[in-house]
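# Close look at the chain arrangement
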Amino acid sequence: MLTTESQKKIDREIAKYPDGQQQSAVMAALAIAQEEQGWLSSEAIEAVANYLGMAPIAAYEVASFYTMYDLKPVGKYKLTVCTNLPCMLSGAVDAGEYLKQKLGIGYDETTADGKFTLKQGECMGACGDAPVMLLNNRRMCSSMLPEQIDKLLSELE
Amino acid sequence: MAILGALNPMLTVGLDAASDSAWRLDAYVKRGGYAALKKILAEKTPPEQVTAEVKKSFLRGRGGAGFPTGLKWSFMPKAYAGDKYVVCNSDEGEPGTFKDRDLLLFNPHSVIEGMIIAGYAMGAGCGYNYIHGEVWAVYTRFEEALAEAAAAGLLGKNILGSGFDFQLFAHHGYGAYICGEETALLESIEGKKGQPRYKPPFPASFGLYGKPTTINNTETFAAVPFIINMGGDAYLETGKPNNGGTKLFSVSGHVNKPGNYEVPLGTPFSTLLEMAGGMRGGRQLKACIPGGSSAPVLPGTIMMDCTMDYDSIAKAGSMLGSGAVIVMDETTCMVKALERLSYFYYEESCGQCTPCREGTNWMYRIISRIEHAQGRPDDLDLLTSMTPNIMGRTICALGDAAAMPVQSFVKHFRDEFAYHIENKKCLVPPDVQRAGSGFFKATV
């Protein structure tokens, strides 16, 4: 289930922890599996658990506890908008509404062509750059006023 | 770069976001970096002397609790023969806080050096830096900085030929505010759900993998090399008594230049506000949360009389917390602001303790119905009666953190909440609120 490349990446994570503590690598391993497959299916979670020698339910507990793991398929581009108070004061709620209108979807929905998923997120630790949104868990987009949102959407093919 | 200004700075001297080299090892060494570590190793300074220097500096934890760092270090068992750990809490997710992100992006080696020195002082051979999952660029940069340090012989076995070994690794979170709580963070490093542990035992006796562990905030570690270099007394003098040193303040909300500002503790709030470009649109300061979303809100008039240090803010009835200053002007609807904060705590409660799991949801529902014109006459009394049944009744401080905003918003802005309930609408008209956020300025 996990590609050799993913296994290599996971091995590098396991090496960070003391012998016998490879479960510590589960967060990184799940992130790697999600990056490889786009989301975390039960099979992917089980594969990670088996690789680390832990009970699948223990890996599932982790996958379902942390919000950046996607336990359902998401679009090619997942946009998570922080709407927490500091961001809200600088227009994040409006930014979310603007995106909903542009994409024709609500939060936790995916466009019919499978391209975009929109999520509402909690504090990303970037409040000075509000409104902020996170693209595919990796790229932080700052100061997302209408013009910047339009530009971002046109870049994402 | 979001480090926009400073008064008598230390942590942010010589940083340059535009350059790809200013954060690197060479540049850090040119700024005097790793001199503190080299000095300790060359002089074979007794570890307890390092801790004593940190105690003298009155450095207080920069993550939120403000606990004296040197005292915390002295709790680690000295005679313990097995593994000990030093952990850095960079799981920065307290709404309003974004300082650790910038420190790690633009000055990662200051944190690495601080952690190595901490390891030396406490006899720990291994450290982990737990980095907030949402700031991926920080995680990858920190890993790069670790590789630089290891290649230069500053990490690993026999550091600079001293016989001292210290390994350091980065661990990333993946979206859970609760992991900023230190025992939840340890559970998370162990590969579990981030649910806080009962204390005692405290991490100094039973921490990561059951071993003695000390957890400090990113900015706390970054301050350590400066304390060693200038001495604890001189460090203390840069702040004010009982509040040593400078502090990074993350200023967000209705100001012209939101960003990070490094100022000596004890700097007047009015100075900090001025540095942040003043109020957006020249509007009036209505309220301010001085220490991250968990800190009680203060009315603008009270805030203007405060200085930015642990004692002044505590005296005014709030907390300096992580130094996250959330500024709200007259366009803010306080009910809506509290509704959003209470949703956050409901969303982030780990679900372990009933008062928090049920209480955060219940508080959110009550505040939400007030905001959405469904408020009932006794709702405010209900809210104020609930908070003491949550605070102090949970394993960790998230219950308190959820209750304090509710308590303080209702206390200081009760009239506005009552207006909402009576008139079924905001005291601040929606179009005024919208104008305040500035989002549509670009198109309208």
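What counts and what doesn't
Residues numbered from 1 in each chain as written. Chains lettered and ligands numbered in written order. Predicted model: local features only at pLDDT ≥ 70, side-chain atom pairs only at ≥ 80, totals over all residues. Heavy atoms only, no water. Buried < 20%, exposed > 50% of the residue type's maximum accessible area, 1.4 Å probe, protein only. Helix = DSSP H or I, 4+ residues; strand = E, 2+ residues; numbered from the N terminus. Contact = heavy atoms within 4.5 Å. Pairing = 2+ DSSP bridges. Axes fitted to C-alpha atoms, helices over the stretch in contact; angles between N-to-C directions. Buried area = accessible area lost by both parts, 1.4 Å probe. Salt bridge = Lys/Arg side-chain N within 4 Å of Asp/Glu carboxyl O. Polar contact = N/O pair within 3.5 Å; in protein donor to acceptor, adjacent residues only side chain to side chain. 1 Å grid on protein atoms, 1.4 Å probe; cavity = no way out; pocket = protein on both sides within 12 Å on 5 of 7 lines; lining within 4 Å. Points joined across faces, edges and corners; volume = space filled by probe spheres on them. Nonpolar A, V, L, I, M, F, W, Y, C, P; charged D, E, K, R; others polar. Domains from an automatic or database assignment. Phe/Tyr/Trp six-rings, centres within 6.5 Å; stacked < 30°, edge-to-face > 60°. Lys NZ or Arg CZ within 6 Å of the ring centre and 35° of its normal.

## Quick word on helix α3 (residues 42–52) of chain A
All names here are of chain A. Listed in full, the buried residues belonging to α3 are Ala44, Ile45, Ala47, Val48, Ala49 and Leu52. The inward-facing, buried residues of α3 contact α1 (4–14), α2 (26–37) and α4 (56–65). Directly beyond the C-terminal end of α3, a positive phi value near 70° is found at glycine 53.

## What to know about the sheet that holds strand β1 (residues 77–82) of chain A
Residues and elements named next belong to chain A. Within the open sheet, the five strands sit side by side as β2-β3-β1-β4-β5. Their pairing is mixed. Lying at the two open borders of the sheet, with one neighbouring strand each, are β2 (109–110) and β5 (139–141). For β1 and strand β4 (residues 133–135), the ladder comprises three bridges, and the chain directions are antiparallel. Among the inter-strand pairings, valine 81 is bridged to a residue of β4, identified as methionine 133. Sitting on the sheet, helix α7 (residues 146–155) is in contact with β1, β3 (116–121), β4 and β5, with an inclination near 150° to β5.

## Considerations on the interface of chain B and chain A
How big an interface is tends to be expressed through the accessible area that disappears when the partners come together. Chain B puts 65 residues into the contact, and the matching count from chain A is 52 residues. Both faces considered, chain B and chain A share a buried interface measuring about 4,500 Å² in area, 60% of it formed by carbon and sulfur atoms. When the area that chain B buries against chain A is broken down by residue, the three leading residues are Tyr174, Arg340 and Phe439 of chain B, summing to 21%. We note a salt bridge from aspartate 94 of chain A to arginine 434 of chain B, for which the minimum N-O separation is 3.6 Å. Counting across the interface, chain B meets chain A through 24 residue pairs in polar contact (both at pLDDT 80 or more). Mapped onto the side of chain B that touches chain A, the elements with two or more residues apiece are β3 (126–131), α7 (136–151), β4 (167–172), α8 (182–189), β6 (246–253), β12 (324–329), α14 (334–348) and α19 (430–437) of chain B. At eight residues, α14 of chain B tops the list of elements feeding residues into the side of chain B that touches chain A.

## Section: the layout of surface pockets
Which parts of space are left empty comes out when a probe the size of a water molecule is rolled across the atoms. Considered as a void within the structure, the second largest pocket measures approximately 820 Å³ in volume. If you trace the second largest pocket, you find 38 residues lining it, with Thr67, Asp108, Lys119 and Gln120 of chain A together with Glu347 of chain B closest to the centre. When contributions to the lining of the second largest pocket are tallied by element, the ones reaching two or more residues are α4, β1, β2 and β3 of chain A together with α14 of chain B. Top element by residues in the lining of the second largest pocket is α14 of chain B. It accounts for five residues. Here the lining of the second largest pocket is built from residues that sort into 16 nonpolar, 11 polar and 11 charged.

## Here's the deal with the domain arrangement of chain A
On domain assignment, one finds that chain A holds domain 1 (4–65) and domain 2 (77–156). Computed over C-alpha atoms, the centres of domain 1 of chain A and domain 2 of chain A are 28 Å apart.

## Description of the packing of aromatic side chains
Using the criterion set out here, one finds 22 aromatic pairs over all chains in the structure. Between tyrosine 177 of chain B and tyrosine 345 of chain B, the aromatic rings sit 6.1 Å apart at their centres with planes inclined by 75°, giving edge-to-face as the arrangement. With tyrosine 177 of chain B in the loop between β4 and α8 and tyrosine 345 of chain B in helix α14, this residue pair connects regions lying 168 residues apart in the sequence. Seen from their ring centres, tyrosine 343 of chain B and tyrosine 364 of chain B are 5.2 Å apart, and the 65° between their planes marks the pair as edge-to-face. Of this pair, tyrosine 343 of chain B sits in helix α14 while tyrosine 364 of chain B sits in helix α15 (residues 354–371), placing them 21 residues apart in sequence. In this structure an aromatic cluster arises from ring pairing among Phe65, Tyr66 and Tyr69 of chain A together with Trp136, Tyr139 and Tyr174 of chain B. Directly above the ring of tryptophan 136 of chain B sits arginine 138 of chain A, whose terminal nitrogen or CZ lies 3.6 Å from the centroid. Positioned above the aromatic ring of phenylalanine 249 of chain B is the side chain of lysine 247 of chain B, whose terminal nitrogen or guanidinium carbon lies 5.8 Å from the ring centre.

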